[in-house]
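# Observations on the three-dimensional arrangement
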Amino acid sequence: MRNRAGIILIHEGRLALMERHKQGRHYFAFPGGGVDEGETDEQAAVREAREELGIEVVVEKKAAEVLRDGRRKQVYFLVKWVDGEYGTGTGEEFDEMDDFNGTYNPIWMPLEEVVTSNVVPRGLAELTVKSQREGWKDYVIIHE
């Protein structure tokens, strides 16, 4: 099972998220995806931003690692948007939208709504809001 790498992008007080409708569930996820063979976590996060959001980002820091019992490791990077038009992603997930894979819609969510919305992983959502308010520390390991 591949590890997952994702991004935390905050712009003008809003968090970049993927709105998902999948198998009867409605939730919001941090942009990201599987790490390909021969690719670093950081390279995968940058590639996923391009594929899912249509933008170029640079990594500012490794922010968190989410560990779930028996599931793949997830690494998230705090990034800065440097180029491209948000919402113009053309990754394969957009070609695979069906009842099983669900829908992918890039959105901006105001930070004040993140902890009261169904944002996953939950611990990362809480860390993001707290860190944006209080300052980003060295990277954190979150157990969910």
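The paragraphs below set out a description of the structure included in this document. Since this is a predicted model, take the numbers as computed values, not measurements.

## A look at helix H3 (residues 122–134)
Here H3 is 13 residues long and its end C-alpha atoms lie 18 Å apart, about the 18 Å a rise of 1.5 Å per residue gives. Residues of H3 that are buried include every one of Gly123, Leu124, Ala125, Leu127, Thr128, Val129 and Ser131, and no others. With its phi angle positive at about 105 degrees, glycine 135 sits one or two positions after the end of H3.

## A word on the packing of aromatic side chains
All chains considered together, the criterion is met by 4 aromatic pairs. Both rings, one in tryptophan 81 and one in tryptophan 108, keep their centres 5.9 Å apart while their planes meet at 25 degrees; by these two values the pair is stacked. Linking tryptophan 81 in strand S6 (residues 74–84) with tryptophan 108 in strand S7 (residues 103–110), this pair joins segments that are 27 residues apart in sequence. Ring geometry for tyrosine 86 against tryptophan 108: centres 4.3 Å apart, planes inclined by 25 degrees, an arrangement best described as stacked.

## A short note on the pattern of salt bridges
In the structure shown here, the tally under the stated rule is 12 salt bridges. The closest approach of N and O atoms between aspartate 41 and lysine 73, which form a salt bridge, is 3.8 Å. One end of the pair, aspartate 41, is in helix H1 (residues 41–53); the other, lysine 73, is in the loop between strand S5 (55–67) and S6, and 32 residues separate them in sequence. Classification of lysine 73 by relative accessible area gives partly exposed; the value is 27%. In this structure, glutamate 65 and lysine 62 form a salt bridge, with 3.5 Å as the shortest nitrogen-oxygen distance. Judged by relative accessible area, lysine 62 falls into the partly exposed class, the value being 31%. Connected via shared salt-bridge partners are Arg2, Asp36, Glu39, Arg47, Glu48 and Glu51.

## A look at H1
If you check H1, its first and last C-alpha atoms are 18 Å apart, about what 13 residues at 1.5 Å a residue would give, namely 18 Å. Three or more residues of H1 are buried, namely Asp41, Ala44, Ala45, Val46, Arg47, Glu48, Ala49, Glu52 and Leu53. Looking at the buried residues of H1, the elements they touch are strand S1 (4–11), strand S2 (14–22), strand S4 (32–34), S5, S6 and S7. Looking one or two residues beyond H1, the residue adopting positive phi is glycine 54, at roughly 80 degrees.

## Brief notes about the environment of glutamate 48
Structurally, the position occupied by glutamate 48 is in helix H1. Counting along the chain gives 25 residues from glutamate 48 to lysine 73, while the straight-line C-alpha distance between them is 16 Å. Leave out the neighbours within four places in its chain, and glutamate 48 touches Ala5, Gly32, Gly33, Gly34, Leu53 and Glu93.

Parameters at a glance
Residues numbered from 1 in each chain as written. Predicted model: local features only at pLDDT ≥ 70, side-chain atom pairs only at ≥ 80, totals over all residues. Heavy atoms only, no water. Helix = DSSP H or I, 4+ residues; strand = E, 2+ residues; numbered from the N terminus. Expected span 1.5 Å × (residues − 1). Buried < 20%, exposed > 50% of the residue type's maximum accessible area, 1.4 Å probe, protein only. Phe/Tyr/Trp six-rings, centres within 6.5 Å; stacked < 30°, edge-to-face > 60°. Salt bridge = Lys/Arg side-chain N within 4 Å of Asp/Glu carboxyl O. Contact = heavy atoms within 4.5 Å.

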